[in-house]
Amino acid sequence: MITDSHATESAHTVPCAPESDDAIIKRVRNGEIECYALILRRYNQQLFRIARSILQDDVLAEDALQEAYVAAYRRLQQYQARGSFASWLTRITINEARMSRRKQSRYRETDIAESQPAAWVDSQATSNPAHSAANTELAALIESAMRELPESFRLVFMLRGIQQLSIDETACCLGIPTATVKTRYHRARNLMQQALTPHIADAGLQLYEFAGKRCDNLVSAVMQRLGISYAAESPTTVRPGSG
């Protein structure tokens, strides 16, 4: 029997598409609860940035994110697949971050000099000292400018300018009209220092970086709180850029 070696080789080289959020949620609902870790790794970076933009503190942002994941898991049966799971999870995270802020009786924004810009910078950039220093300085400049934005503008700017979500996605995440997203983003950009504008997209991956060990620790903490047995290395593929 003659085998088409080219076809066989191609079949082995075609990458598998990542599972959709709804497919993963269905598996969790059907008893594969350890698959919830895939959701955490998929959204850790995006949701940490959102919580961090509200709380202005790494530790508080991680705590709020952990609470959001736990709350989402406990409400998973209430989630309706008619909407976007990412938007649903984002709204829970925003609510948890705002509740955390209200609990801080002496809440104040951390001075830029007290922050730790090294935590924002992609670890791969540290191999080039000049590149690392430039990224660190740029991230600090962007965060400093973002601190001056009203929260409503800051959240839109984080989702549109840093996470680069579409107008519709941003509106869905924040529960506001698309026209409001456009207006707030336009005003936020005008309030940012003009010198930063050309660098915003390039700095996106370095700002409020949340990956590697920090991502692993949060996933483990959430799964432990939920009482789910979890193997750190999962064979199921997650989207590129996840923790």
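Residues numbered from 1 in each chain as written. Predicted model: local features only at pLDDT ≥ 70, side-chain atom pairs only at ≥ 80, totals over all residues. Heavy atoms only, no water.

A.B. asks: How would you explain the overall build of the protein chain if you had to name every residue and give the values?
C.D. replies: Within the protein chain, the secondary structure is distributed over 11 helices and 0 strands. In sequence order, the protein chain lays out its α and β elements as α-α-α-α-α-α-α-α-α-α-α. Residues counted as buried form 44% of the 243 residues belonging to the protein chain. Across the protein chain, the fraction of contacts at a sequence separation of at least 24, relative to all contacts at a separation of at least 6, is 73%. When the accessible area of the protein chain is evaluated, it comes to approximately 13,100 Å², of which 50% is carbon and sulfur surface. (Helix = DSSP H or I, 4+ residues; strand = E, 2+ residues; numbered from the N terminus. Buried < 20%, exposed > 50% of the residue type's maximum accessible area, 1.4 Å probe, protein only. Contact = heavy atoms within 4.5 Å. Areas by Shrake-Rupley, 256 points an atom, 1.4 Å probe, with all protein chains shown as cover.)

A.B. asks: So what about the pattern of salt bridges? Which residues, and what values?
C.D. replies: It is possible for side chains bearing opposite charge to pair when their charged atoms get close. The final tally for this structure, using the stated rule, is 10 salt bridges. A salt bridge links R52 to D58; the nearest nitrogen and oxygen atoms lie 2.6 Å apart. The class for D58 is buried, based on a relative accessible area of 17%. E151 is the partner of R98 in a salt bridge, and the nearest nitrogen-oxygen pair spans 2.8 Å. With a gap of 53 residues between them, R98 in helix α5 (residues 85–103) and E151 in helix α7 (residues 151–162) connect regions that are remote in the sequence. (Salt bridge = Lys/Arg side-chain N within 4 Å of Asp/Glu carboxyl O.)

A.B. asks: An account of the packing of helix α3 (residues 36–55) against helix α11 (residues 212–225) is requested, with residue identities and associated values reported.
C.D. replies: Relative to each other, α3 and α11 sit at 130°, their axes nearing to 10 Å. One way to sum up the angle between α3 and α11 is to call them oblique. Like other packed secondary-structure pairs, α3 and α11 cross with a definite hand, here right-handed. Each of Y36, A37, L40, R41, N44 and F48 in α3 lies in contact with α11, whose residues at this interface are R214, C215, D216, L218, V219, V222 and M223. Across the contact of α3 with α11, the residue classes break down as 9 nonpolar, 1 polar and 3 charged. (Axes fitted to C-alpha atoms, helices over the stretch in contact; angles between N-to-C directions. Parallel < 35°, antiparallel > 145°, perpendicular 65-115°, else oblique. Left-handed = near helix turned anticlockwise from the far one by under 90°. Nonpolar A, V, L, I, M, F, W, Y, C, P; charged D, E, K, R; others polar.)

A.B. asks: Break down helix α2 (residues 21–29) for me, with residues and values.
C.D. replies: An α-helix turns once every 3.6 residues. As a result, residues three or four positions apart point the same way. Listed in full, the buried residues belonging to α2 are D21, I24, I25, R27 and V28. Viewed end-on, α2 has its buried residues packed into an arc of 155°, placing them on one side of the element. Taken together, the buried residues of α2 touch α3, α4 (58–74) and α5. One or two residues past the end of α2 sits G31, with phi positive at roughly 115°. (Arc of directions from axis to C-beta.)

A.B. asks: Can you lay out the confidence of the model for the protein chain for me, pointing to particular residues and giving the numbers?
C.D. replies: Chain-level statistics for the protein chain give a pLDDT mean of 76 and a share of 67% at 70 or above. Confidence, expressed as mean pLDDT per element, reaches its minimum in the protein chain at helix α1 (residues 5–13) with 45 and its maximum at α4 with 94. A low-confidence stretch, residues 1–15 (pLDDT under 50), is modelled with 1 contact involving residues beyond four sequence positions or located in other chains. Note that pLDDT drops below 50 for residues 234–241; the model gives that stretch 13 contacts with residues more than four away or on any other chain. (pLDDT = per-residue confidence, 0-100.)

A.B. asks: So what's going on with the environment of S20? Which residues, and what values?
C.D. replies: Assignment of secondary structure puts S20 in the loop between α1 and α2. The partly exposed category is assigned to S20, whose relative accessible area is 37%. Distance from S20 to F85, taken between C-alpha atoms, is 9.8 Å for residues 65 residues apart in sequence.

A.B. asks: I'd like a rundown of the packing of aromatic side chains, residues and numbers included.
C.D. replies: What the rule picks out here adds up to 5 aromatic pairs. Above the face of the Y185 ring, R160 is positioned so that its terminal group lies 5.2 Å from the ring centre. (Phe/Tyr/Trp six-rings, centres within 6.5 Å; stacked < 30°, edge-to-face > 60°. Lys NZ or Arg CZ within 6 Å of the ring centre and 35° of its normal.)

A.B. asks: So what's going on with α3? Which residues, and what values?
C.D. replies: Where α3 bends most, at N44, the angle is about 55°. With respect to burial, α3 is a largely interior element, 20 of its 20 residues being buried. Of the residues flanking the end of α3, it is Q56, one or two places downstream, whose phi is positive at about 60°. (Bend = angle between axes of the 7 residues up to and from the residue.)

A.B. asks: Report on the nonpolar core, specifying residues and quantitative values.
C.D. replies: Ranked by internal contacts, the top residues of the largest apolar core, which has 64 residues, are Y36, Y69 and F85. In terms of residue count, α3 provides more of this core than any other element does, 12 residues in total. (Core = buried A, V, L, I, M, F, W, Y, C linked by side-chain atoms within 4.5 Å.)

A.B. asks: Please set out unusual backbone geometry residue by residue, giving values where relevant.
C.D. replies: Backbone phi values are negative for most residues with the exception of glycine, while trans is the configuration of most peptide bonds. Unlike most non-glycine residues, Q56 shows phi in positive territory, near 60°. On the secondary structure map, Q56 appears in the loop between α3 and α4. For Q56, a relative accessible area of 1% puts it in the buried group. In this structure, Q164 takes a positive phi of about 60° despite not being glycine. Within the secondary structure, Q164 sits in the loop between α7 and α8 (167–174).

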